[in-house]
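# Structural characterization, general
Residues per chain are reported as follows:
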There are 2 protein chains.
Amino acid sequence: MRVLGIDCGGQYTGFGVVEQLPDGELVYITSGAVRLKTRDPLCERLLKVHNELRALIEACHPGVAAIEEVFYASNAKSALKLGEVRGVAMMTAAACGLPVVGYAPLAVKSAVVGYGRAEKTQVQAMVMRLLKLSAPPEPADAADALAIAICHLHTAATLAALER
Amino acid sequence: MRVLGIDCGGQYTGFGVVEQLPDGELVYITSGAVRLKTRDPLCERLLKVHNELRALIEACHPGVAAIEEVFYASNAKSALKLGEVRGVAMMTAAACGLPVVGYAPLAVKSAVVGYGRAEKTQVQAMVMRLLKLSAPPEPADAADALAIAICHLHTAATLAALER
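We now turn to the structure provided with this report. (Residues numbered from 1 in each chain as written. Chains lettered and ligands numbered in written order. Predicted model: local features only at pLDDT ≥ 70, side-chain atom pairs only at ≥ 80, totals over all residues. Heavy atoms only, no water.)

Strand pairs in the sheet, formed through backbone hydrogen bonds, run parallel or antiparallel to each other. Residues and elements named next belong to chain A. A sheet is described by the order of its strands in space; here five strands give the open sequence β3-β2-β1-β4-β5, paired in mixed fashion. The open sheet has two edge strands with one neighbour each: β3 (26-35) and β5 (100-103). The mean inter-strand angle of the sheet, taken between neighbouring strand axes irrespective of direction, is 20 degrees. Docked against the sheet, helix α1 (residues 42-60) engages β1 (2-7), β2 (12-20) and β3, running at close to 160 degrees with respect to β3. Contacting β1, β2, β3, β4 (64-68) and β5, helix α5 (residues 140-163) crosses the sheet at an angle of about 40 degrees to β2. (Pairing = 2+ DSSP bridges. Helix = DSSP H or I, 4+ residues; strand = E, 2+ residues; numbered from the N terminus. Axes fitted to C-alpha atoms, helices over the stretch in contact; angles between N-to-C directions. Contact = heavy atoms within 4.5 Å.)

Structure (structure tokens):
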């Protein structure tokens with residue numbers, strides 16, 4: 001199973017693709033971030049997110065997209081901005097035929113580090129270890145996106161084990 | 001000049017297309033709303049907004065999209081939901097090659113009714129009068145979208161007059 005994790009943000013939208021082999025081993029495929037220039041018109045920034053995510057999906061063929069659920073934001077303005085990017089990311093995955101699954105930030109940290117209140121650096125270190133990377137994925141948003149993909153794989157594996 | 005006005009909402013996203021003839025007369029082209037079922041997965045709802053707006057743009061050939069700016073929301077959760085739809089609407093217009101212009105709610109009411117604190121019913125009545133409609137556009141979101149399109153035409157006309 002190959003999973004695209006997406007970590008939405010106003011300036012950087014991280015992405016990471018992880019494959020799980022039949023024996024359970026996790027394989028790093030790619031990661032990075034769509035970088036948006038705040039001086040570009042908003043509609044062009046959103047179109048860039050759409051175009052880059054679509055190109056990534058067409059190149060890597062993930063079978064599912066995993067995205068962080070957002071339940072709060074520091075204020076309505078930042079929630080609106082985050083929502084704009086998040087809406088485009090979800091719609092793009094759906095337009096490419098991918099099911100989209102959301103995970104709470106606590107669930108992502110629990111699945112990757114084993115502790116819902118883990119620090120960002122702990123998540124990055126665990127992502128490196130689980131994917132056998134020699135350096136932390138750059139930018140940090142890419143590591144977050146890989147963590148979301150790993151969360152989906154761990155959750156899917158748990159659900160499959162429960163079913164058996 | 002032909003303008004697509006878009007009024008984003010979580011359940012109904014209104015749209016309205018208005019053309020201004022060289023003599024300044026406003027002509028109603030079409031209006032309506034994308035209706036979203038809250039029981040459908042979010043990504044499918046967002047894809048529906050994208051597909052229906054794209055089909056509308058391809059059918060009506062507007063030269064510009066006008067959308068309401070949002071500066072506040074009752075809470076971060078509703079701002080996030082509104083942002084998701086708004087991001088998809090803006091990205092769709094940009095993907096179809098349209099410039100996207102934003103107007104504050106006060107500017108829309110001022111441009112249509114001449115009074116920034118006008119009631120919703122006053123806006124609807126003025127939209128009917130300006131576009132010579134025999135019945136109010138349904139649903140109300142369609143009337144709001146037409147008002148945004150009229151706002152753009154009035155503002156563009158004002159800017160052109162100032163330049164002359």
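After that view, the rundown keeps rolling.
A separate point is the interface of chain B and chain A. Counting residues at the interface gives 22 residues for chain B and 22 residues for chain A. Overall, the association of chain B and chain A removes approximately 1900 Å² of surface from exposure, summing both partners, and the carbon and sulfur fraction of that is 81%. Counting the surface chain B buries against chain A, the share from its top three residues, B:C43, B:L80 and B:M91, is 30%. In this structure, the connection of chain B to chain A is made through two salt bridges. Between A:R86 and B:E84 there is a salt bridge, with its nearest N and O atoms 2.7 Å apart. Summed over the shared surface of chain B and chain A, the number is four residue pairs in polar contact (both at pLDDT 80 or more). Among the elements of the structure, α1 (42-60) and α2 (76-95) of chain B are those that each provide at least two residues to the side of chain B that touches chain A. Take the side of chain B that touches chain A: its biggest share by element is 13 residues, from α2(B). The residue inventory of the side of chain B that touches chain A, partitioned by class, reads 16 nonpolar, four polar and two charged. (Buried area = accessible area lost by both parts, 1.4 Å probe. Salt bridge = Lys/Arg side-chain N within 4 Å of Asp/Glu carboxyl O. Polar contact = N/O pair within 3.5 Å; in protein donor to acceptor, adjacent residues only side chain to side chain. Nonpolar A, V, L, I, M, F, W, Y, C, P; charged D, E, K, R; others polar.)

Let us look at the side chain of B:S31. Locating B:S31 in the fold gives a position in strand β3 (residues 26-35). Within the structure, B:S31 has its side chain in polar contact with the side chain of B:Y28 (distance 2.8 Å).

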